[in-house]
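Observations on chain architecture
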Protein chains: 2
Amino acid sequence: MDFGGAQSVDRALGLLALVGRHAGRGAALSSLVEESGLNKPTARRLLLALIRAGFVEQDEATRRYYLGAESYVLGSLAAPRYGLLQFAMDSVVRLSRQTQDSAFVSVRRDLVSVCLHREEGTYPVRTHALQTGFEHPLGCGAGSLAILAALPDAEIEAVLEANAAVLAASYPLYPPERIRADVAETRAQGYALNPGLIVANSWGVGVAIRDPFGRAIGALSIAAIDSRLQGPRQAEIGALLAAEATRVEQKLAQRQSVYFTPVPEAGRKTA
Amino acid sequence: MDFGGAQSVDRALGLLALVGRHAGRGAALSSLVEESGLNKPTARRLLLALIRAGFVEQDEATRRYYLGAESYVLGSLAAPRYGLLQFAMDSVVRLSRQTQDSAFVSVRRDLVSVCLHREEGTYPVRTHALQTGFEHPLGCGAGSLAILAALPDAEIEAVLEANAAVLAASYPLYPPERIRADVAETRAQGYALNPGLIVANSWGVGVAIRDPFGRAIGALSIAAIDSRLQGPRQAEIGALLAAEATRVEQKLAQRQSVYFTPVPEAGRKTA
DNA sequence: CGATGTGGTCCACGATATGGACCGCAGCAT
DNA sequence: ATGCTGCGGTCCATATCGTGGACCACATCG
């Protein structure tokens, strides 16, 4: 199979994405080394290249790595095409206020769902299972499941197959059959439920956001401890989420007509 | 001089930034080759790496290159640290409505100013000199000059020196002395004026935006044909801009206290 | 139906990235 | 003080990897 060379570029971009997933907290060299599978000199050398280009910055004192200004500029320039956060921000804040629990926007990125923003709830007991930058395979977690359930059946199968290895390795509570069942339930209920399958007692409810072509591109979700997402409140929150998702979809439909691309490329195999 | 290796990474990141500067329009391979100074096979190979990582997408039909989803995700993750667009968006829209001319947010990126968003004016005769993604050396253009004038004198000299080569080569109407004079005028007036120095008859007025530490990080600006920016209207627009800049600064001060970094690294020499 | 301008690919050559070994430092329990 | 551990960072001989001139395929145009 021909990958077209440029391996060090692949590694550098992987590192960049990794630094992004640690944004806020900052990433230590050692953790980047571990998570990327690179060795230290290589990781360091690539980070220097990323720093040189302004995509990453290093805190002089703590030596931790953060995303740099160029990353922000790039994202802002990409916003017209993908601007989910821009349009979902209001809704997330509103959801968090209304429910007192933490609210999230996630976006689909190929085979996974990435959390773009977490709006802290006011209720004193909170779950911190999901934080900005975290990602899970499609189907794992409330928002992630909502996205998956909104895809055409054929695509769901393709995604599950491509994710099979990761699921088996890191998500023991999520065998493919389970996810298929969850998808069916999500479609029946109108909202996705995660009954603490990633972190025990940390439940979530999610609803997908579709682009003007009807493709699921992201999700809104709420997370709380199990006792706050039982009985009627679950469906109430599902309805709230659905209402806000519709608002986001309307904003997307208004502004983006010019920019949106017909097809964002199918999921590819795992490396 | 030791650059720490990883040259192909530098080139790839340069290409990525370049694709970003063409966002919206999309970038043709040939123009990327020309603007980057790379040769075709190399550029193509690096682009394939960028596509593989999701930072760039290629339109199947037109073969043009666009920023990909990962670029957007990355930028969203960097937003808490650099979120200027997020907070300036409202102001730009308002400015454009009030003045009927096109309004812009730009952000400082080392030695240059990059236009993050252009809000189209309603007035029938418009200038298209500045578009989203365009960048100019600090001091060249209204917003860019506003940023420069808001820096400490020592930093201004450092920036001018570092930019000397580019200015001499590509901005014949901007000798360093001229920029120094413009800075003085900007500080006296309270707003920066570009009297058609980049594109003839395309004038602009700009005001800097400062972060909570007082450092100039970006600018708001208005552009129009010369006849619409003469006499009293010039200062009126200057005042409007200053008012909106203050609003943005307040939003930044509120939200960002936790995130903002003390020092964003001094300008480095041109390559 | 040649001429020109795209986008894209091949492959021999040699410049380039690699990673095991190493350094210096900070914290901490002897 | 003294050794230990874990951290961030760097060196440099080795061989792997990227390079770019030459080339192909396909449109468009006069």
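I will try to describe carefully the structure that is included in this document. The structure displayed is predicted, hence computed values, not measured ones.

Details of the protein's contact with DNA strand C
Taken together, 19 residues lie around DNA strand C, and Asn-39 and Arg-45 of chain A together with Gln-7, Lys-40 and Arg-63 of chain B are the ones closest in. Taken together, the sugar and phosphate atoms account for 63% of what DNA strand C places within 4 Å of the protein. At a separation of 2.5 Å, a phosphate oxygen of DNA strand C approaches a polar side-chain atom of Arg-45 of chain A. Leu-29 of chain B is positioned such that a nitrogen or oxygen atom in its backbone is 3.4 Å from a phosphate oxygen of DNA strand C. Elements represented by at least two residues in the surface near DNA strand C include exactly helix H1 (7-21) and helix H3 (40-52) of chain A together with helix H1 (7-21), helix H2 (29-36) and helix H3 (40-52) of chain B. Here the surface near DNA strand C is built from residues that sort into six nonpolar, eight polar and five charged.

Details of the packing of helix H6 (residues 142-149) of chain B against helix H8 (residues 176-189) of chain B
All names here are of chain B. At a minimum axis separation of 9 Å, H6 and H8 run at an interaxial angle of 80°. Considered as vectors, H6 and H8 are oriented roughly perpendicular to each other. Counting all contacts with H6, which are made through Leu-145, Leu-148 and Ala-149, the residues of H8 involved are Ile-179, Asp-182, Val-183, Thr-186 and Arg-187. Grouping the constituent residues of the contact of H6 with H8 by class yields five nonpolar, one polar and two charged.

Concerning the state of the cysteines
Residues and elements named next belong to chain B. The full count for this structure, using the stated rule, is zero disulfides over all chains. Here Cys-115 stays free of any disulfide, with the sulfur of Cys-140 as its closest cysteine sulfur at 15 Å. A relative accessible area of 1% means that Cys-115 is categorised as buried.

As for the packing of helix H7 (residues 153-170) of chain B against H8 of chain B
All names here are of chain B. Axis separation between H7 and H8 bottoms out at 10 Å; the angle between their running directions is 140°. For the element pair H7 and H8, the recorded crossing hand is right-handed. Across the interface between the two elements, Asp-153, Ile-156, Glu-157, Leu-160 and Leu-167 of H7 pack against Pro-176, Ile-179, Arg-180, Val-183 and Arg-187 of H8. Looking at side-chain class alone, the contact of H7 with H8 contains six nonpolar, no polar and four charged residues.

Describing the environment of Ala-192 of chain B
All names here are of chain B. Its location among the elements puts Ala-192 in strand S6 (residues 192-195). Taking the C-alpha atoms as reference, Ala-192 lies 9.4 Å from Gly-139; in sequence the two are 53 residues apart. With residues up to four places along the chain from it excluded, the contact list for Ala-192 reads Ala-142, Leu-145, Ala-146, Thr-186, Gly-204, Val-205 and Gly-206.

Topic: the protein's contact with DNA strand D
Residues in close proximity to DNA strand D total 19 residues, the closest being Gln-7, Lys-40, Arg-63 and Tyr-65 of chain A together with Asn-39 of chain B. For DNA strand D, the fraction of atoms within 4 Å of the protein that belong to sugar or phosphate moieties is 61%. Contacts to DNA strand D include Arg-44 of chain A, whose side-chain N or O atom sits 3.0 Å from a phosphate oxygen. Asn-39 of chain B places a polar side-chain atom, nitrogen or oxygen, 3.1 Å from a sugar or linking oxygen of DNA strand D. Breaking the surface near DNA strand D down by element, the ones donating at least two residues are H1, helix H2 (29-36) and H3 of chain A together with H1 and H3 of chain B. Of the residues assigned to the surface near DNA strand D, the class counts are six nonpolar, eight polar and five charged.

Points about the pattern of salt bridges
Evaluated as defined, the whole model comprises 36 salt bridges over all chains. Measuring nitrogen to oxygen at the nearest pair gives 3.3 Å for the salt bridge that ties Glu-57 of chain A to Arg-81 of chain B. Here Arg-81 of chain B lies in helix H4 (residues 69-82) and Glu-57 of chain A lies in strand S1 (residues 56-58), a pairing that spans two chains. Side by side, Glu-57 of chain A and Arg-81 of chain B carry an identical accessibility label, which is buried. As a salt-bridge pair, Arg-187 of chain A and Asp-153 of chain A come within 2.8 Å of each other at their nearest N and O atoms. One end of the pair, Arg-187 of chain A, is in helix H8 (residues 176-189); the other, Asp-153 of chain A, is in helix H7 (residues 153-170), and 34 residues separate them in sequence. Through salt bridges with shared partners, a single ionic network connects Arg-21, Arg-109 and Glu-135 of chain A together with Glu-70 of chain B.

A short note on the packing of aromatic side chains
By the definition in use, this model includes four aromatic pairs over all chains. Ring geometry for Tyr-72 of chain A and Tyr-82 of chain B: centres 6.4 Å apart, planes at 25°, overall stacked. Pair noted here: Tyr-72 of chain A is in helix H4 (residues 69-82) and Tyr-82 of chain B is in helix H4, and the two residues belong to different chains. Each of the two residues, Tyr-72 of chain A as well as Tyr-82 of chain B, counts as buried. One cation-aromatic arrangement involves Arg-228 of chain A over Tyr-123 of chain A; the distance from NZ or CZ to the ring centre is 3.5 Å.

Observations concerning the sheet that holds strand S7 (residues 202-210) of chain B
Spatially, S5-S4-S3-S8-S7-S6 (chain B) is the arrangement adopted by the six strands of the open sheet, whose pairing is antiparallel. Because the sheet does not close on itself, it has two edges, and the strands there are strand S5 (135-137) and S6 of chain B. Across the sheet, the mean angle separating the axes of adjacent strands is 30° when strand polarity is ignored. In the packing of H4 of chain A onto the sheet, contacts are made with strand S3 (102-109) and strand S4 (112-119) of chain B, and the angle to S4 of chain B comes to roughly 25°.

Cut-offs and rules
- Residues numbered from 1 in each chain as written.
- Chains lettered and ligands numbered in written order.
- Predicted model: local features only at pLDDT ≥ 70, side-chain atom pairs only at ≥ 80, totals over all residues.
- Heavy atoms only, no water.
- Near = heavy atom within 4 Å.
- Polar contact = N/O pair within 3.5 Å; in protein donor to acceptor, adjacent residues only side chain to side chain.
- Helix = DSSP H or I, 4+ residues; strand = E, 2+ residues; numbered from the N terminus.
- Nonpolar A, V, L, I, M, F, W, Y, C, P; charged D, E, K, R; others polar.
- Axes fitted to C-alpha atoms, helices over the stretch in contact; angles between N-to-C directions.
- Parallel < 35°, antiparallel > 145°, perpendicular 65-115°, else oblique.
- Contact = heavy atoms within 4.5 Å.
- Disulfide = S-S within 2.5 Å.
- Buried < 20%, exposed > 50% of the residue type's maximum accessible area, 1.4 Å probe, protein only.
- Left-handed = near helix turned anticlockwise from the far one by under 90°.
- Salt bridge = Lys/Arg side-chain N within 4 Å of Asp/Glu carboxyl O.
- Phe/Tyr/Trp six-rings, centres within 6.5 Å; stacked < 30°, edge-to-face > 60°.
- Lys NZ or Arg CZ within 6 Å of the ring centre and 35° of its normal.
- Pairing = 2+ DSSP bridges.

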